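# Geometric and topological summary
Each chain, written out:
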Amino acid sequence: MSDLEQLRTDLLARIGAADLDALEGLRIEALGRKGSITELMKGLGGLAAGERKAAGQALNALKAVVACAIDTRRATLECAVLESRLAEQRIDLTLPVRPLAQGRIHPISQTIEEMVAIFCQMGFSVAEGPDIEDDFHNFTALNIPPEHPARQDHDTFYFPERADGARPLLRTHTSPVQIRTMQTQPPPLRIIVPGRTYRADHDATHSPMFHQIEGLAIDETTHMGHLKGCLIEFCRAIFGLDDLPVRFRPSYFPFTEPSAEVDIGCARSADGLAIGAGGDWMEILGCGMVHPKVLENCGIDSTRYQGFAFGVGVERVAMLKYGIPDLRTFYESDLRWLRHYGFLPLDVPNVATGLGA
Ligand code: PHE
């Protein structure tokens, strides 16, 4: 066997047995700058012209065979490494997933969505208006003139007087949105207005900011029977009690005539409050037939149109429905409270599915 053949047999045998590290060593040993094949090639110059060609071809062939053997061996080894990693690190799909940190829907948002779902199924649509109002929309147009005592009842938050003498205010109820709607849309109207309202009050049952849902229905034949039917239906739907006792108690609001407050039946005992049958009543909303002056203030002909309006406090409903004892906890942003009383995002009702199961 010639030296070259010997070298070839030797190298190929070692390549065939090498691991990845050894393979790199072998490449340098044979083909590197001072490698055995490289050195032989450098020696070609010293050969006689006649021998040089054949020796050169033989060396080139050897170099190509060795380089190819190294590449093939490397590919085989790398492939084996990958195979074994894939076998070892396979994902176990039977393991339970780690729980995802999930936010909660605030009970106020949930209660608003529930009320909106009920009224939208009756054909009302949602309207909105600004929290910062003017005297006209919050009071005057609602038949509450400047000297009227109801202005004091409302404990209004006023902003500083502006250059033109106007004093903007935080709306004390959602009723100004009735005015804005009647000013811009011709009857028939059927709207509900969820939103924030503000009064200078703060104790266990009053917060300076709270939520109301206003309702307004105006048409040529809308009457007190519609008002009663709509609100009895609402009270029973929101508390999920088909036989919930509901009563209308005469009351007074400057913007409705006649006016009423609505009470629902409940039982009070040492264990707390139970909504439904029982000897007691609990007030839950104010309502009435829209005062003709309010219609006229908005440019609606009160000899042709009439309608009803109502205002429901969202906090009161949420507290009763979900057994939340203290109003102030709604606004404390205590995450433990929210995890306890909050709702999962997919439990929120919508107009298509109603309150769900
Ligand atoms: N705006 C009244 C309040 O805040 C509620 C109400 C609305 C009463 C509509 C009658 C009609 O007290």
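Structure: see above.
The notes below deal with the structure included here. (Residues numbered from 1 in each chain as written. Predicted model: local features only at pLDDT ≥ 70, side-chain atom pairs only at ≥ 80, totals over all residues. Heavy atoms only, no water.)

## Side note on helix H8 (residues 176–184)
Buried residues of H8: Pro176, Val177, Gln178, Ile179, Thr181 and Met182, and no others. Those residues of H8 that are buried lie in contact with strand S2 (132–133), helix H6 (135–138), strand S4 (189–198), strand S5 (209–219), helix H10 (292–297) and strand S10 (306–313). (Buried < 20%, exposed > 50% of the residue type's maximum accessible area, 1.4 Å probe, protein only. Helix = DSSP H or I, 4+ residues; strand = E, 2+ residues; numbered from the N terminus. Contact = heavy atoms within 4.5 Å.)

## Considerations on the environment of Leu295
Within the secondary structure layout, Leu295 lies in helix H10. Among the residues examined, Leu295 registers a relative accessible area of 1% and is labelled buried. Each C-alpha atom of the pair Leu295 and Ile179 lies 8.5 Å from the other, and the pair is 116 residues apart in sequence.

## So, the site of the ligand
Around the ligand sit 14 residues in total, of which His173, Ser175, Arg199, Gln212 and Gly311 are the nearest. Measuring from a nitrogen atom of the ligand, one finds a side-chain N or O atom of His173 at 3.0 Å. Side-chain polar atom of Ser175 to a nitrogen atom of the ligand: 3.0 Å apart, as the coordinates give it. Protein coverage of the free-state accessible area of the ligand, which is 330 Å², stands at 91%. For the shell around the ligand, the secondary structure elements donating two or more residues are S5, strand S9 (280–290) and S10. Partitioning the shell around the ligand into residue classes produces 5 nonpolar, 7 polar and 2 charged. (Near = heavy atom within 4 Å. Polar contact = N/O pair within 3.5 Å; in protein donor to acceptor, adjacent residues only side chain to side chain. Areas by Shrake-Rupley, 256 points an atom, 1.4 Å probe, with all protein chains shown as cover. Nonpolar A, V, L, I, M, F, W, Y, C, P; charged D, E, K, R; others polar.)

## What to know about the pattern of salt bridges
A full pass over the atoms with the stated rule returns 16 salt bridges. Where Asp326 meets Arg328, a salt bridge forms, and the shortest distance between an N and an O atom there is 3.3 Å. Taken together, the shared-partner salt bridges in this structure form one network comprising Glu24, Arg27, Asp71 and Arg74. (Salt bridge = Lys/Arg side-chain N within 4 Å of Asp/Glu carboxyl O.)

## Concerning the side chain of Thr38
As for its placement among the helices and strands, Thr38 is situated in helix H3 (residues 36–42). A distance of 3.3 Å separates a polar atom in the side chain of Thr38 from the backbone oxygen of Leu31. With near-sequence residues (within four places) excluded, Thr38 lies in contact with Ala30, Leu31, Gly32 and Arg33.

## Considerations on the nonpolar core
Leu231, Phe234, Ile264, Leu285, Cys287 and Phe310 are the most contacted members of the largest nonpolar core, which has 44 residues in total. Core analysis: the next-biggest nonpolar cluster, separate from the first, contains 22 residues, Leu142, Leu189, Ile218 and Ile300 among them. (Core = buried A, V, L, I, M, F, W, Y, C linked by side-chain atoms within 4.5 Å.)

## A closer look at the environment of Ala75
Residue position: Ala75 is located in helix H4 (residues 49–88). Looking at Ala75, the relative accessible area reads 44%, which means it is partly exposed. As a C-alpha pair, Ala75 and Met282 span 207 residues in sequence and 82 Å in three-dimensional space.

## Quick notes on unusual backbone geometry
Pro187 connects to Pro188 through a cis peptide bond whose omega is 5°. Along the chain, Pro188 falls in the loop between H8 and S4. A cis geometry characterises the amide bond from Glu257 onward to Pro258, with omega recorded as -5°. Tracing the chain through its elements places Pro258 in strand S7 (residues 256–269). The residue Asn143 is not glycine, and still its phi comes out positive at about 65°. With respect to the helices, strands and loops of the structure, Asn143 is situated in the loop between H6 and helix H7 (150–153). Non-glycine residue Ser333 carries a positive phi angle of around 55°.

## Here's the deal with the packing of aromatic side chains
With the rule as written, the count across this model stands at 10 aromatic pairs. Ring centres of Phe119 and Phe234 lie 4.7 Å apart, and the angle between their planes is 15°; on these two criteria the pair is classed as stacked. Here Phe119 is found in helix H5 (residues 107–121), whereas its partner Phe234 is found in helix H9 (residues 224–239), with 115 residues between them in sequence. No difference in accessibility class separates Phe119 from Phe234, as the two residues are buried. With a centroid separation of 6.3 Å and an interplanar angle of 75°, the aromatic rings of Phe124 and Phe310 are classed as edge-to-face. Of this pair, Phe124 sits in the loop between H5 and strand S1 (125–126) while Phe310 sits in strand S10, and the two are 186 residues apart along the sequence. (Phe/Tyr/Trp six-rings, centres within 6.5 Å; stacked < 30°, edge-to-face > 60°.)

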